[in-house]
Amino acid sequence: ESKSEEIHLRYDPLKLVQLGFSQETVSSQIQMALKGYPVTNLETSSRQTPIRLGFRKESLSDLQHLLMLRIPNSFGEYIALSQILTMKQVKAEES
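Residues numbered from 1 in each chain as written. Predicted model: local features only at pLDDT ≥ 70, side-chain atom pairs only at ≥ 80, totals over all residues. Heavy atoms only, no water.

Can you walk me through the overall build of the protein in this structure?
The number of helices and strands found in the protein is 3 helices and 6 strands. The secondary structure elements of the protein, listed N-terminal to C-terminal, are β-α-α-β-β-α-β-β-β. For the protein, whose C-alpha radius of gyration is 17 Å, the value lies well above the compact-globule estimate of 12 Å for 95 residues. In terms of overall dimensions, the protein has C-alpha extents of about 50 × 50 × 25 Å along its principal axes. Here the protein holds 95 residues, and 21% of them are scored as buried. (Helix = DSSP H or I, 4+ residues; strand = E, 2+ residues; numbered from the N terminus. Rg over C-alpha atoms; globule rule 2.2 N^0.38 Å. Buried < 20%, exposed > 50% of the residue type's maximum accessible area, 1.4 Å probe, protein only.)

I keep staring at the environment of I84 and nothing clicks. Help me out?
Relative to the helices and strands, I84 is located in the loop between β5 (78–80) and β6 (85–91). Distance in space between the C-alpha atoms of I84 and L67 is 8.9 Å, their sequence separation being 17 residues. Filtering out sequence-adjacent residues up to four positions away, I84 remains in contact with R10, Y11, D12, L16, L19, F21, V26, I71 and I79. (Contact = heavy atoms within 4.5 Å.)

Mind showing me how you'd approach the layout of surface pockets here?
Approximately 160 Å³ is the volume found for the largest pocket. Contributing to the lining of the largest pocket are L9, Y11, L16, Q23, V26, S27, I30, Q31, I84 and L85. Among the secondary structure elements, those contributing two or more residues to the lining of the largest pocket are β1 (5–11) and α2 (23–35). Considering every element that reaches the lining of the largest pocket, the biggest residue donor is α2, with 5 residues. Its residues assigned to classes, the lining of the largest pocket shows 7 nonpolar, 3 polar and no charged. (1 Å grid on protein atoms, 1.4 Å probe; cavity = no way out; pocket = protein on both sides within 12 Å on 5 of 7 lines; lining within 4 Å. Points joined across faces, edges and corners; volume = space filled by probe spheres on them. Nonpolar A, V, L, I, M, F, W, Y, C, P; charged D, E, K, R; others polar.)

How should a nonpolar patch on the surface be read in this particular structure?
On the surface, Y37, V39, L42, I51 and L53 cluster together to form a nonpolar patch covering roughly 470 Å² of accessible area. Among the elements that make up the nonpolar patch, the one with the highest residue count is strand β2 (residues 37–43) (3 residues). Residue placement: V39 occurs in strand β2. Here V39 falls in the partly exposed class, since its relative accessible area comes to 46%. (Patch = residues over 30% accessible without salt bridge, like charges linked within 9 Å, V, L, I, M, F, W, Y side chains within 5 Å. Areas by Shrake-Rupley, 256 points an atom, 1.4 Å probe, with all protein chains shown as cover. Salt bridge = Lys/Arg side-chain N within 4 Å of Asp/Glu carboxyl O.)

How do you make sense of α2 when you look at a structure like this?
For the α-helix, the turn length of 3.6 residues means that residues three or four positions removed from each other point alike. An ideal rise of 1.5 Å per residue puts 18 Å on 13 residues; α2 measures up with 18 Å between its terminal C-alpha atoms. Listed as buried for α2 are V26, I30 and A33. Around the axis of α2, the buried residues are gathered within 60 degrees of arc, so they sit on the same side. Structural note: α2 exposes E24 and K35 on the side pointing more than 90 degrees away from its buried face. Each element contacted by the buried residues of α2 is listed here: β1, α1 (13–18), α3 (63–68), β4 (70–72) and β6. After α2 finishes, the residue G36 shows a positive phi value of roughly 85 degrees. (Expected span 1.5 Å × (residues − 1). Arc of directions from axis to C-beta.)

Below, the structure is given as structure tokens:
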């Protein structure tokens, strides 16, 4: 039986703080990149259609692209995730 793979993202808490980030900020930015962010609804006479802002799936097909994503810190600077996180692909643990 083959196990599926998962991605582990790790960070150095001290470096995170020094660069002006919180774990919650980094997590929400990664979630927005992968799932998109709801910005509004387009309303027509027959229905509402949610509008999401995010990356094209092709842009994140290689997870190295995710590490190139630059996110804003509390100082207004944009820092690449690769300066904050390390990524490791591992076999998923059984639940």
